[in-house]
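The lines below spell out each chain.
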Amino acid sequence: VFSPALCSVRVKRSSLDLWERTNMSLSLKIVLIVLALFVPFCQCTNTLTVTSGGNPINNGDTVDIEEEDDFNFTCTTSMSLADIDLLTDIEVTEGPLGSTRDFYLLNVHRNLTGTEFTCTDNTDSITFTLNVLFAPSYSFSKPVFTRFEGEDFFIDSTVEANPEPSGAIWIRDGVILPNDEDNIDITSTSITITNLQRKDNGTYTITSNNGVGEGSGSFDLIVYYGPELTNGNNGSGSFDLIVYYGPELTN
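Sequence order sets the numbering: in each chain, residues are counted from 1 along the sequence as written. pLDDT decides what is reported in this predicted model: residues at 70 or higher carry local features, side-chain atom pairs at 80 or more are listed and counted, and totals for whole chains, interfaces and linings draw on all residues regardless. Only hydrogens and water are set aside; all other atoms, that is, all heavy atoms of the structure, feed into the side-chain values.

One side-chain nitrogen of Lys or Arg within 4 Å of one carboxyl oxygen of Asp or Glu is enough to make a salt bridge. Following the criterion strictly, the structure yields 8 salt bridges and no others. Between E67 and R110 there is a salt bridge; the shortest N-O distance is 2.9 Å. Of the two residues, E67 is situated in the loop between β3 (62–66) and β4 (71–77) and R110 in the loop between β7 (100–105) and β8 (116–120); the sequence distance between them amounts to 43 residues. Exposure is judged per residue with a 1.4 Å probe applied to protein chains only, and the accessible area is read against the type maximum: over 50% gives exposed, under 20% gives buried, and values in between give partly exposed. Relative accessible area serves as the criterion here: at 16%, E67 is assigned to the buried category. A relative accessible area of 25% means that R110 is categorised as partly exposed. Notably, a salt bridge pairs E160 with R110, separated by 3.5 Å at the nearest N-O pair. In this pair, E160 sits in strand β12 (residues 158–162) while R110 sits in the loop between β7 and β8, placing the two residues 50 residues apart along the sequence. Shared partners join several salt bridges into a network, and the residues in it are R172, E181, K199 and D200. Secondary structure counts use DSSP, requiring at least four H or I residues in a row for a helix and at least two E residues in a row for a strand, with both numbered from the N terminus.

So this is what it looks like as structure tokens:
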């Protein structure tokens, strides 16, 4: 079945006059008519397109969208009598059936990363994948850690981000680490402190920026240490001991 909306065959009047004057059999004329109608239609190709915000989406593309943004796209086919259909595993708000159809995703969440969408007109199809971008967020196994002076301390953070940040900054009570402190070793996700001292007590924060936004996470470290007696500035201490005793009888 061929649709006139797809292609058209135009024959000049002079060609028709020549046709009428040409001496050929009726069967040959019928064959030529069939060829004249069939060949142009076969050469016509259907065009299916997908766009978002005026930008084309090609088959196999990965489309980036930031978390909590809305994602709208339009599927269009050149087949005027065809209806666009969308194949996906999630619920999408759909526009009316037709050869051009709009689709809407509101307040996109990170769990939609990797979701595939296929626009089809039952003749051709275009499939693309969603990639949801979001700023880093850090978490630790608990909010407060306690250690004794002289012990070692290690903690690794859990980071969620897309894309992954290339690095991170560690801060203790507003001071960027390691701050020339030899007993502190940091990575983009973890911190190690050897031979803890009471100065290591404080609130530790890790922060980074992955181009989408900035994120951070914190924990408190409490360092316990024993009592210390001081007398002035010499690092030593002294005290008076008074011993009370009862009356003593002597003979």
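Here we take up the sheet that holds strand β1 (residues 48–52). A sheet is described by the order of its strands in space; here 5 strands give the open sequence β2-β1-β4-β7-β6, paired in antiparallel fashion. Looking at the sheet topology across the chains shown, the edges are occupied by β2 (55–57) and β6 (93–94). Paired strands, in this sense, are two strands between which DSSP finds at least two bridges. Pairing of β1 with β4, which is carried by 4 bridges, proceeds in the antiparallel orientation. The partner of T49 across the bridge, within β4, is T76.

A separate point is the confidence of the model for the protein. With 76% of its residues at a pLDDT of at least 70, the protein reaches an overall mean of 85. Below a pLDDT of 50 lies the segment residues 1–16, which in the model reaches 15 contacts outside its immediate sequence neighbourhood of four places, other chains included. With pLDDT under 50 throughout, residues 39–43 is counted as low confidence; its partners more than four residues away or in other chains account for 6 contacts. For every residue, the predictor reports its confidence as pLDDT, a number between 0 and 100. Between two residues, a contact is recorded if the distance between any of their heavy atoms is within 4.5 Å.

Take the packing of aromatic side chains next. Only centres within 6.5 Å qualify two rings of Phe, Tyr or Trp (six-membered ring in Trp) as a pair; their planes then separate them into stacked at under 30 degrees, edge-to-face at over 60, and tilted for everything else. For the coordinates displayed, the defined rule picks out 14 aromatic pairs. A ring pair is formed by F73 and F103, whose centres lie 5.3 Å apart and whose planes are at 20°; its orientation type is stacked. Here the residue F73 occupies a position in strand β4, and F103 occupies one in strand β7, the gap between them amounting to 30 residues. For F73, a relative accessible area of 1% gives the class buried. A relative accessible area of 0% means that F103 is categorised as buried. With 6.4 Å between their ring centres and 70° between their planes, W170 and F219 make a pair best called edge-to-face. With a gap of 49 residues between them, W170 in strand β13 (residues 169–172) and F219 in strand β18 (residues 214–224) connect regions that are remote in the sequence. Using a relative accessible area of 1% as the deciding quantity, one classes F219 as buried.

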